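Next come the chains, spelled out residue by residue.
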Number of protein chains: 2
Amino acid sequence: MTSLARPQTPFAVVDRDRLDRNVARLRTHLARLGVPLRLHVKTSKSIDVAARVFRDAPGPITVSTLAEAEHFAGAGYTDILYAVGLAPDKLDRVVALRRRGVDLTVLIDSPVQAEAVAAASRAAGIRIPALIEIDCDGHRGGLAVTDPGLIGIGRTLRDGGAELRGVLDHAGESYFSATADEQRRDADHERRTVVRAAEALRAAGLPCPVVSVGSTPTAHAATVLHGAALDGVTEVRAGNFVFFDLVMAGIGVCTVEDLALSVVVTVIGHRPDKGWVLTDGGWMATSRDRGTAAQRVDQGYGLVTDLNGRVIPDLLMTGASQEHGTLSLRPGSTAKLPDLPIGTRLRILPNHACATAAQHAQYTVVAGTAGDDGAPRIAGIWPRHNGW
Amino acid sequence: MTSLARPQTPFAVVDRDRLDRNVARLRTHLARLGVPLRLHVKTSKSIDVAARVFRDAPGPITVSTLAEAEHFAGAGYTDILYAVGLAPDKLDRVVALRRRGVDLTVLIDSPVQAEAVAAASRAAGIRIPALIEIDCDGHRGGLAVTDPGLIGIGRTLRDGGAELRGVLDHAGESYFSATADEQRRDADHERRTVVRAAEALRAAGLPCPVVSVGSTPTAHAATVLHGAALDGVTEVRAGNFVFFDLVMAGIGVCTVEDLALSVVVTVIGHRPDKGWVLTDGGWMATSRDRGTAAQRVDQGYGLVTDLNGRVIPDLLMTGASQEHGTLSLRPGSTAKLPDLPIGTRLRILPNHACATAAQHAQYTVVAGTAGDDGAPRIAGIWPRHNGW
């Protein structure tokens, strides 16, 4: 298994050099702004990927499931934010993790959840820390910053035996902001909204040590706007940036050359009458995510490259069955369909790295120069940890 | 873990009573037509589900990956068709399976593949059997039945040291046929096309013992039309029918009450300003499949039921992040959004069972009457075997 020409397809590949470059870019940017990164591990779900971000020792992470929290806790990560609104019956696993010495924080946006966290804290004799989710753009959950319930939730936590640790928002709508200017405004709005919530809590005499923002677009866009960069913010969450994807490239947060995740597939047939090349990589390997469908340029199920990662002009994965991919030229293209004999290996650059990675149990890692056979050299296998 | 009220969400559930009913329905139908079923295991990827179809002993199966073939071979399945066009470098695993005593058949539609199968047969001293894929509806791969290359491929197999075992087609377009009449025509066309190919091979002096058709819609629709039911056909492939899904219900192959797969989720928040109920089941739990989007009735990411499986009128899963689901009323509905407090458990009936099942490592199985707490009683856990 020395090069990408060897393992049987389909399989997911991580380009470690690109990953390292993506990590260095955001780390440098945030260091300049003076705000620490809390890595979201939901994209990679990989201890090995996280270790490229935290070279010296485990750092602060965000998780999307308690399974991730448990897995990363086992690898020495002790500062973990579970950033999905809490289902109260998950509190037993939260308590178990805290008893293992993990500083696990939960996320809530309702009095019912605050009472549940407080009750579990009293029952366990542990002050479970919670952030209150604030909505900045109508994307998903969270309280409006003007919601009069905010203070009450904070008091329920503090007075009920839990710990009010702070506030959080997430500019989820920034994934649909197509220009750098819009993304800067999203970042500024995300920051100002959550800082305002923090100030409201503090004005009511409540603590608010953590003020957390983040999304991959706004993390990169955050800059000095309205006289403030990330003033008042204590941490930035981002996860997708380790791999990036076509959705991020489509809104200019990265370029196609930054994409660190791809899927290797093999040509298994041709339909010249239809202009199709068929591969053994279907939606099971790429996911059904069609995130670029809503963008200016629809990339189908993904852009196609050769095995060395060079984009083949105008060739897209345009169709997907469970274990079949259909490649064809972009509608309107004047390019010629290249000759891709049966057995040819190609790579698919995905719309949405989180979704494509989720279809795989591990990453085949490439790094450095090509192997003796001219194909990218395999540097290792990194497992993923799926499930809940 | 005695009822669906216990395991932490999200998780996939199989209703065994519905599964058994779906299996009995197709078995009875095919028995009447006198043609055996070759179960496609790609939907469930579960030995336990297959055992509900083959009660006495392992029967003939279809697989979509060699990982499935290897897994089912380990459970005693010895008659296996790998029904995705063969990538030649997978022949080493094909040979290894045959050496284990598995009668594994591969699928090809090109001279290049035929030569590869013949060469591998000679090298291994084993006649590897292959079916030739015939295209009946332009859905994916396969030769046109009039393709002059058909006979040459057959001869390459037979004369090159492999085994020409027969022909196969798949009416993949029948998933888009919205009426029973259309599906009957699809079934008839699927049958007649592949029988014609078999006759062409036989007329050229070539053997063609296997004539394989199948898709869940056409398997159920096959009936006496043009004076023939499944005359000339030796086996019917189907897989989705074990679970069915909203796409199948949308074209009338089943009803919503037949759906045997669902995902249990928990309410984690509300956005009354938007009419949203938020859950802890996002696309990671349901997949990104939006198969009903192209149907007469778009079901979003799925229909919502209570924990006992009763459909909540007009409530759909309309949005999905990785670990968040958004439920809201069907556009235009005059129903009232029900009161679903935080902590309420619901079930999502999926668009596409194959895709939703693929997001999970196991099924929680319910059967019989409700447990003491009024929630469906858990009868067991059935593992899935994912990967390639």
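Here the structure is a predicted model, which is why all the values come from computation and not from measurement.

Caption draft 1: Just the interface of chain B and chain A, in detail. Between chain B and chain A, the contact holds 53 residues from the first and 53 residues from the second. When residues of chain B are sorted by the area they lose upon contact with chain A, Q8(B), R140(B) and W388(B) head the list and together hold 19% of the total. Taken together, chain B and chain A are joined by 8 salt bridges. Here R288(A) and D289(B) are joined by a salt bridge, their closest N and O atoms 2.9 Å apart. Where chain B meets chain A, there are 30 residue pairs in polar contact (both at pLDDT 80 or more). Those elements giving two or more residues to the side of chain B that touches chain A turn out to be β4 (79-85), α4 (91-99), α5 (111-124), β10 (261-271), β11 (276-279), α10 (283-286) and α11 (353-357) of chain B. By residue class, the composition of the side of chain B that touches chain A is 18 nonpolar, 18 polar and 17 charged.

Caption draft 2: Layout of the layout of surface pockets. Residue and element names in this part refer to chain A. In this structure, the second largest pocket occupies an estimated 740 Å³ of space. Listed by contribution, the elements that provide at least two residues to the lining of the second largest pocket are β1 (11-15) and β16 (362-370). The residue makeup of the lining of the second largest pocket, split by class, is 14 nonpolar, 13 polar and 5 charged.

Caption draft 3: Layout of the sheet that holds strand β5 (residues 103-108) of chain A. Residue and element names in this part refer to chain A. Spatial ordering of the closed barrel is given by β2-β3-β4-β5-β6-β7-β8-β9, a layout of 8 strands whose pairing is parallel. Between one strand and the next, the sheet's axes are offset by a mean angle of 30°, whatever the strand orientation. Two strands pair when backbone bridges link them, and strand β7 (residues 163-168) and strand β8 (residues 210-213) are joined in this way by 3 bridges, in the parallel orientation. What sits directly across from G166, in β8, is V210. Along the sheet, helix α4 (residues 91-99) makes contact with β5 and β6 (129-133), crossing β5 at roughly 155°.

Caption draft 4: The arrangement of the packing of helix α5 (residues 111-124) of chain A against helix α6 (residues 149-160) of chain A in detail. All names here are of chain A. It is the contact of α5 with α6, at a shortest axis distance of 8 Å, that shows an interaxial angle of 5°. Relative to α6, the element α5 lies roughly parallel. Where α5 approaches α6, its residues P111, A114, E115, V117, A118 and R122 are matched on the opposing element by I153, T156, L157 and G160. When its residues are assigned to classes, the contact of α5 with α6 shows 6 nonpolar, 2 polar and 2 charged.

Caption draft 5: Highlighting the UniProt feature "domain: D-serine dehydratase-like" (unreviewed entry) in chain A. Sites flagged by UniProt as "domain: D-serine dehydratase-like" (unreviewed entry) map to residues 260-367 of chain A. As annotated, residues 260-367 of chain A has a helix share of 8% and a strand share of 43%, and its two end C-alpha atoms lie 11 Å apart.

Caption draft 6: A look at the sheet that holds strand β3 (residues 61-63) of chain B. Residues and elements named next belong to chain B. With respect to topology, 8 strands assemble into a closed barrel ordered β2-β3-β4-β5-β6-β7-β8-β9, the strand pairing being parallel. For this sheet, the mean angle separating the axes of adjacent strands, direction not counted, is 30°. Relative to strand β9 (residues 235-238), strand β2 (residues 37-40) is paired through 3 bridges, and the arrangement is parallel. Within β9, the residue paired with L39 across the bridge is A238. Running over the sheet, helix α6 (residues 149-160) touches β5 (103-108), β6 (129-133) and β7 (163-168) and is turned about 175° from β6.

Analysis parameters
- Residues numbered from 1 in each chain as written.
- Chains lettered and ligands numbered in written order.
- Predicted model: local features only at pLDDT ≥ 70, side-chain atom pairs only at ≥ 80, totals over all residues.
- Heavy atoms only, no water.
- Contact = heavy atoms within 4.5 Å.
- Buried area = accessible area lost by both parts, 1.4 Å probe.
- Salt bridge = Lys/Arg side-chain N within 4 Å of Asp/Glu carboxyl O.
- Polar contact = N/O pair within 3.5 Å; in protein donor to acceptor, adjacent residues only side chain to side chain.
- Helix = DSSP H or I, 4+ residues; strand = E, 2+ residues; numbered from the N terminus.
- Nonpolar A, V, L, I, M, F, W, Y, C, P; charged D, E, K, R; others polar.
- 1 Å grid on protein atoms, 1.4 Å probe; cavity = no way out; pocket = protein on both sides within 12 Å on 5 of 7 lines; lining within 4 Å.
- Points joined across faces, edges and corners; volume = space filled by probe spheres on them.
- Pairing = 2+ DSSP bridges.
- Axes fitted to C-alpha atoms, helices over the stretch in contact; angles between N-to-C directions.
- Parallel < 35°, antiparallel > 145°, perpendicular 65-115°, else oblique.
- UniProt positions renumbered as here; feature names shortened; annotations may be inferred.

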